[in-house]
Structures are given as structure tokens and as C-alpha cells.
Amino acid sequence: MSALLDGKLDGLDLRAELPRLLATVRDAGDQPLAVLFAALAAKDPVALAEVVAGSRAPGGAHVVRAALPHVAVLEATLSPRGLYPRLFDLSAEAASEVLAVAAARHPAASWLVPLSKKAERFAVGKTHLLAASTHPSFAAVCRAHAEAGHVDGLVCTAAETGRAEPAAALLGLDLDAALRAAGAALGRDPASPVLAHLAAVWGPEPDALVVRLIPGLRSRAAAEALLGAARHLPRTAATLRAVLRGMV
Amino acid sequence: MRHAWLVGSAGRTPFVGHLRGARDLGRVHLAWACCVAGTAGVVEGWEAAEAARDVFAELRAVGDPRDVLVAACAALARLDSRWLTRGDLTALLVATDGTSTRAAASGLVGLHAGDGGVFRPIAAPGHPLLGEPGAPDGTSHDVPLAEVWVGLPAGIPFPRRDVPAACGVRA
């Protein structure tokens, strides 16, 4: 293993040695890069940024994975909006890891929406949405993904979190998807405030809307919870009572 | 059935805390549109609207339109004090018995009447039905009979087109 890979950087002018650093990383194969990157992060973050995300960075999943523990240092050199898409482009099969780190660190970032589209083949947006689900920006993130057409990601997020915001975000764009998301949220958490979120977007008389999500309910608990919240929704309440009689 | 509508706010969740309804109380037809806790979050707004729906569901026939409005406003004044003390209540209530049509309101900067999809203002600036938000005090005023009355809360322009959609009225 080379001295550089051992993190022995003392006495080196790292900017002048950049070509050698790049070559060492490019030729490292499967050799660990963690020690070198930790040393670079401590001594010269700009050199680290050049090596992992610069215009001549060799890239590859091995390099990007070794860089991810140092994203806080890299963000001091490169804006997140520039850093993560660049890491993503260089990441090969580590793309989902880049997206996950970016989403965890910047849940409110709008640039994660197009990045999600590039990174996720199924349930596009789900990684970002799940990361944002405990952040104050969650409703806005849901709207951004809804406007980008990331329906499955929103429905999956509703199913995994029980949150009602995905349904509300879809409501003005794709009614059927909104109802699926609402049903999924209630399936995960029967106490989910789905009615509140739907009514806030739909209007003060949501009965005709809410009654349409009943066929998508998959659990008695969800149906009972919705009935409990529907005391001023006569069509919904009547339909739920009939449905509950046939539910085990 | 005659209706009261309230224009929704700007933004992605225009109907936080909104409720609307109409019912007959003896000879009097009462229509209402309110926004309770509209400045609160979505969930608190829904809870507040549900509490106000309870209020209207519990009203009983008490006499003429003026009496019905006094009773309805008194009931609204018993809503949770956190919504009243911060003035987070906009309301339009219209009662008619065919010979008399009266309204009580709070938090409105404009009031329109609509017939056949045509809306016309019926309260000029300074009209006593226009004023600060909060529980209406029960004072009512004559308004023209109409198919629908549309209240305009502060800070919102009257919609130039598709008034029903701006009020959350869905086909």
C-alpha cells in the first residue's frame, strides 16, 4: 500500500501533489481509501473535494463510498446543490447511498427532487420523502414531488409513515392517487389526520371526496377510525357503517 | 336551499378551518360559512371547524331570522376561547324566512350576493356587516335575498372568475 493511502501527508504540498493523489485514488482498486480521505479532510478539504468531486475525480462506487463519511467537510468547500449531484454522477452503484446521505442532511432541498428521479427506479422520491417526514418542510417536499409526478413515492411514503401530507399534495393533481395515499396513510396509522389535510385543500364540504377513499381501506381499524372522524360527513358515515358490517 | 360561501385564502391549503352548511330551523332557513382557527395548523383548523359544525348541528328553531342569528352567534361565542381570544374566527350567517332576510358576520371586508352565477357586492365599505374577526355579536342586518351570499375575508381579493372554486365548492 502506498504512503498516500496510509494517510502519510506530512511535508507534502497537496495542491502540487494533486495529480499524484488523483492517480493514487484512481489506481487504488479495492484498497481502502478511508485513511487517506480522513487525512485529507483534516489537512486540506479543498484537495479532498478535488479528489472525490473535482473535474478530474476518478469516481466510482468505491471512491464515493469512502467520501461519504466526509460530506460535512466537503460541504464547506462545495455547495450541497453542486456536491451531491456531482457525487451522484460519479457514484455508479453507490447512487442510492449518495441520495440517502443527501436527503438525510438536506431534507428541505428542492434539488433532491430531480436527483431522486435520476437515482430511483421505483417509488421515485421515497428516499427524500422519508427523510423529510420528520422535518417541518415535509408538506412542501410532498408538493414538490407531486408536481414532479412522483406518485408512487408519495403513496409509499404515506403507507410507511401514516402521514397525510402526501395525499394532500396529490389532491389537486391526481385525485385517484390522492385517495390511494390517504387510504395508505390510514392503513398505517388509523389516527392519521387525513380528513384535516384533505379538507384544507379540497374545501369545507369533503364528504363527497372522503366517501371515495373507503374502497381503498384495508383494515377494520382504519374504517373505524375514519367513522369516528366523520360525524359531520353523512355519506361517508353511512357507507362506513355498511362496510364495517361486512368487515371481519 | 340557499348557501353561504367564504372565499378561501391564498396558498396551498386555502380552507384550513373552513366549514359551511345550511339547515331549516322551523320557518327559518339558516346558511353559514365560517373559518375557525384559520391561522392555526391544518389539524387544529379541522378540530375547530368540527367544533363549529357541532354548534350549528345543535341549533334549534327559536323564532324569526333575527332570533335565529342571535342564537347562532351566542353559540359560536361558546367555542374554545383560544380561537376567540386571538380573533381567529371569520363568519357569515344568513337567515331568511321568505319575508325577512338578515345576516350577521365577522371578519369580512366584502359581502356579495349571487344569483345565476352572477355576483354583486351588497355591502359598501363601512357597512356594519364588515368588520374585525371574532365571534359575531348577534347584531344582524337586512340583506337581499339571493341564491348564495359570499363573504370575503380580509387580505383576499374577490375572485375574478370561478367564484365557487375559490370558495371550495365542488361540482
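Structure: above.
Residues and elements named next belong to chain B. Across the sheet, which stays open at both edges, the 4 strands sit in the order 1-9-6-7 with mixed pairing between neighbours. What marks the edges here is a single partner per strand, and that holds for strand 1 (3–6) and strand 7 (118–121). Strand-to-strand twist in this sheet, taken as the mean axis angle between neighbours without regard to direction, amounts to 25°. Two elements, strand 6 (residues 108–115) and strand 7, share 4 bridges in a ladder whose sense is antiparallel. Note on strand 7: the bridge partner recorded for G114 is F119.

Right, let's get into empty space enclosed by the protein. For the coordinates displayed, the defined rule picks out 1 cavity of 30 Å³ or more. The computed volume of the largest cavity comes to approximately 50 Å³. A196(A), A199(A), A200(A), F15(B), V16(B), G17(B), H18(B), V42(B), G45(B), W46(B) and A49(B) are the residues that line the largest cavity. The element best represented in the lining of the largest cavity is helix 1 (residues 42–57) of chain B, accounting for 4 residues. Counted by class, the lining of the largest cavity contains 8 nonpolar, 3 polar and no charged residues.

Glancing now at the packing of helix 7 (residues 95–105) of chain A against helix 8 (residues 112–119) of chain A. Residue and element names in this part refer to chain A. Contact pair helix 7 / helix 8: the axes reach a minimum separation of 10 Å and the direction vectors enclose 160°. Accordingly, the angle class assigned to the pair helix 7 and helix 8 is roughly antiparallel. Of the two elements, helix 7 crosses helix 8, and the hand of that crossing is left-handed. In this structure, helix 7 uses L99, A102 and A103 to contact helix 8, whose residues at the interface are L112, L115, S116 and A119. A breakdown of the residues in the contact of helix 7 with helix 8 according to their chemical character gives 6 nonpolar, 1 polar and no charged.

All names here are of chain B. When its volume is computed, the largest pocket comes out at roughly 310 Å³. Lining the largest pocket are 19 residues, and of these C35, G38, T39, T90 and P153 lie nearest its centre. Counted by class, the lining of the largest pocket contains 10 nonpolar, 8 polar and 1 charged residues.

Next up on the list: the environment of L217(A). Residue and element names in this part refer to chain A. You can see L217 is positioned in the loop between helix 15 (207–210) and helix 16 (220–229). The exposure class assigned to L217 is buried, which follows from its relative accessible area of 7%. Linking L217 and A92, residues 125 residues apart in sequence, is a C-alpha distance of 40 Å. Every residue in contact with L217, bar those within four places of it in the chain, is listed here: G183, L186, A222, A223, L226, L240 and M247.

What follows deals with helix 11 (residues 151–161) of chain A. Residues of helix 11 of chain A that are buried include every one of V151(A), G153(A), L154(A), V155(A), T157(A) and A158(A), and no others. Phi turns positive one or two residues past the end of helix 11 of chain A, at G162(A), with a value near 75°.

In this fold, E165(A) is placed in helix 12 (residues 165–171). When near neighbours in sequence (up to four residues on either side) are disregarded, E165(A) contacts F138(A), A139(A), C142(A) and H197(A).

Here is what the cut-offs are and how they apply
Residues numbered from 1 in each chain as written. Chains lettered and ligands numbered in written order. Predicted model: local features only at pLDDT ≥ 70, side-chain atom pairs only at ≥ 80, totals over all residues. Heavy atoms only, no water. Pairing = 2+ DSSP bridges. Helix = DSSP H or I, 4+ residues; strand = E, 2+ residues; numbered from the N terminus. Axes fitted to C-alpha atoms, helices over the stretch in contact; angles between N-to-C directions. 1 Å grid on protein atoms, 1.4 Å probe; cavity = no way out; pocket = protein on both sides within 12 Å on 5 of 7 lines; lining within 4 Å. Points joined across faces, edges and corners; volume = space filled by probe spheres on them. Nonpolar A, V, L, I, M, F, W, Y, C, P; charged D, E, K, R; others polar. Parallel < 35°, antiparallel > 145°, perpendicular 65-115°, else oblique. Left-handed = near helix turned anticlockwise from the far one by under 90°. Contact = heavy atoms within 4.5 Å. Buried < 20%, exposed > 50% of the residue type's maximum accessible area, 1.4 Å probe, protein only.

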